[in-house]
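# Structure at a glance
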Amino acid sequence: AAGLESPDSGKVLVDSADVTAMPPEHRNMAMVFQNYALFPHMNVFDNVAFPLREHTLLSESMIRDIVLMKLHAVGLRGARDLMPGEISGGMARRVALARAIALDPELVMYDEPFAGLDPISLGTIARLIRQLNDAMGLTTIIVSHDLDETFRIADQVIILGNGRVAAQGAPEDVRHSPDPLV
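On a plain count of helices and strands, the protein comes out with six helices and seven strands. For the protein, the sequential pattern of α-helices and β-strands runs β-β-β-α-α-α-β-α-β-α-β-β-α. Here the C-alpha atoms of the protein give a radius of gyration of 17 Å, agreeing with the 16 Å that 2.2 N^0.38 yields for 182 residues. Oriented by its inertia axes, the alpha-carbon framework of the protein measures out at about 55 × 40 × 25 Å. Considering the protein as a whole, with its 182 residues, one finds that 39% of them fall into the buried category. A separation of at least 24 residues holds for 56% of the contacts in the protein among residues at least 6 apart in sequence. A distance of 5 Å separates the average location of the 15 positive side-chain charges in the protein from that of its 24 negative side-chain charges.

As structure tokens, this is what we get:
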């Protein structure tokens, strides 16, 4: 299916449905890329509006209301007319997050959401991910090398290494794992 690599074997199941066999608009999931993947020729508003325009038949007035609501949720309502080149890395990450939640997905995946951020922006993004997760009832998957921040906001942690699951469970349980890799 478009946008996903096909597995060499087996299936990728979410709620018993093979997501690799679904068209993107039926997957009910979103991805926030490490490099934000914002369209440089579109302002903040249009970047967030893009999935709504692409995958719905909503009127422009409805799209406007949704985009402003999502920008407000990430603390960027006032930045709607700015271009990606005019905002900081932390702001760009929040725009990417607003775009990811525009269609109210059930699952949001983050690729290294804390990479390259200064400590203040990092803490802001981490708290925002947790707040949106709780407020929207999302399932959130974070791939990260920043263990401290991930452990602070996660309910469950899985540590991968040497081609296997080295540890999994609640952050406190994983923190006390006897496995030397962990």
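Resuming the write-up.
With that settled, the discussion passes to helix α1 (residues 44–55). Along α1, the residues that are buried comprise V44, F45, N47, V48, A49, P51 and L52. Buried residues along α1 sit in contact with α2 (60–73) and α3 (89–100). For α1, the capping residue at the N-terminal end is N43, with a side-chain oxygen 3.2 Å from the backbone nitrogen of F45.

One pass over the structure, following the stated rule, counts nine salt bridges. Between R164 and D179 there is a salt bridge, with its nearest N and O atoms 2.8 Å apart. On the criterion of sequence distance, the pair formed by R164 in strand β7 (residues 164–169) and D179 in the segment after α6 (171–175) is long-range, its members being 15 residues apart. We classify R164 as partly exposed; its relative accessible area is 40%. What you see here is one network of salt bridges that share partners, running through D46, R53 and E60.

Here we come to the nonpolar core. Grouped together as the largest cluster of nonpolar side chains are 37 residues, with contacts concentrated most on V67 and L97. Broken down by secondary-structure element, the contributors of at least two residues to this core are β3 (29–32), α1, α2, α3, β4 (107–111) and α4 (119–136). Residue contacts for L97: discarding those within four places in its chain leaves V32, V74, Y110, L128 and L132.

Moving on: the environment of D18. Tracing the backbone through its elements, the reader meets D18 in strand β2 (residues 17–18). Owing to a relative accessible area of 21%, D18 belongs among the partly exposed residues under this scheme. In this structure, D18 is in contact with K11, V12 and L13, ignoring residues within four places of it in sequence. Here T20 takes part through its side chain, which lies 2.7 Å from a polar atom of the side chain of D18.

In space, the three strands of this open sheet follow the order β3-β4-β5, with parallel pairing throughout. In this open sheet, the two edge strands, each paired with only one partner strand, are β3 and β5 (139–143). Shown here is a sheet whose adjacent strand axes are inclined to one another by a mean of 15 degrees, direction ignored. Relative to β4, β3 is paired through four bridges, and the arrangement is parallel. For M31, the partnering residue across the bridge sits in β4 and is M109.

The subject of this paragraph is the pairing of strand β6 (residues 157–161). The side-chain alternation of β6 yields one buried face, formed by V157, I159 and G161, and one unburied face, formed by I158 and L160. Strand direction decides the pairing type here: β6 and β7, joined by five bridges, are antiparallel. By the bridge assignment for β7, I158 is matched with Q168. Here β6 folds back onto β7, and the loop between the two strands holds two residues, one of which, N162, carries a positive phi near 55 degrees.

This part covers a nonpolar patch on the surface. Residues I158, L160 and V165 make up a contiguous nonpolar surface patch of about 310 Å² in total accessible area. Position of I158 relative to the elements: it lies in strand β6. Using a relative accessible area of 54% as the deciding quantity, one classes I158 as exposed.

Criteria and thresholds
Counting restarts for each chain, with residues numbered from 1 along the sequence as it is written. Note on the predicted model: pLDDT of at least 70 is required for a residue's local features to be given, and 80 or more for side-chain atom pairs to be given and counted; whole-chain, interface and lining totals, by contrast, use all residues. Side-chain numbers come from the whole structure's heavy atoms, not from hydrogens or water. Each helix corresponds to a stretch of at least 4 residues labelled H or I by DSSP, and each strand to a stretch of at least 2 residues labelled E; elements are numbered beginning at the N terminus. In this description the radius of gyration comes from C-alpha coordinates, and the expected globular size is given by 2.2 Å times residues to the power 0.38. Only protein chains enter the accessibility calculation, which uses a 1.4 Å probe; a residue whose area is less than 20% of its type maximum is buried, one above 50% is exposed, and one in between is partly exposed. Note on contacts: a residue pair qualifies if any of its non-hydrogen atoms lie within 4.5 Å across the two residues. Positive charges are assigned to Lys and Arg, negative charges to Asp and Glu, while His and the chain termini are left out of the count. Each charge is placed at NZ for Lys, CZ for Arg, CG for Asp and CD for Glu. Pairs of N or O atoms are called polar contacts if they sit within 3.5 Å, as long as, within protein, a hydrogen donor faces a hydrogen acceptor (for residues adjacent in sequence, only side-chain-to-side-chain pairs). Any Lys or Arg side-chain nitrogen found within 4 Å of a carboxyl oxygen on Asp or Glu counts as a salt bridge. Nonpolar cores are built from buried Ala, Val, Leu, Ile, Met, Phe, Trp, Tyr and Cys residues. Side-chain atoms within 4.5 Å join them into one set. Here, strands pair whenever DSSP counts at least two bridges between them. To get an axis, fit a line to the C-alpha atoms, keeping to the stretch in contact for a helix; angles then go from 0 to 180 degrees between the N-to-C directions. The patch calculation keeps residues exceeding 30% relative accessible area without a salt bridge and links them within 9 Å when they carry like charges or within 5 Å when they are nonpolar (Val, Leu, Ile, Met, Phe, Trp, Tyr). The Shrake-Rupley method, run with a 1.4 Å probe sphere, supplies the accessible areas, and residue values consider only the shown protein chains as cover.

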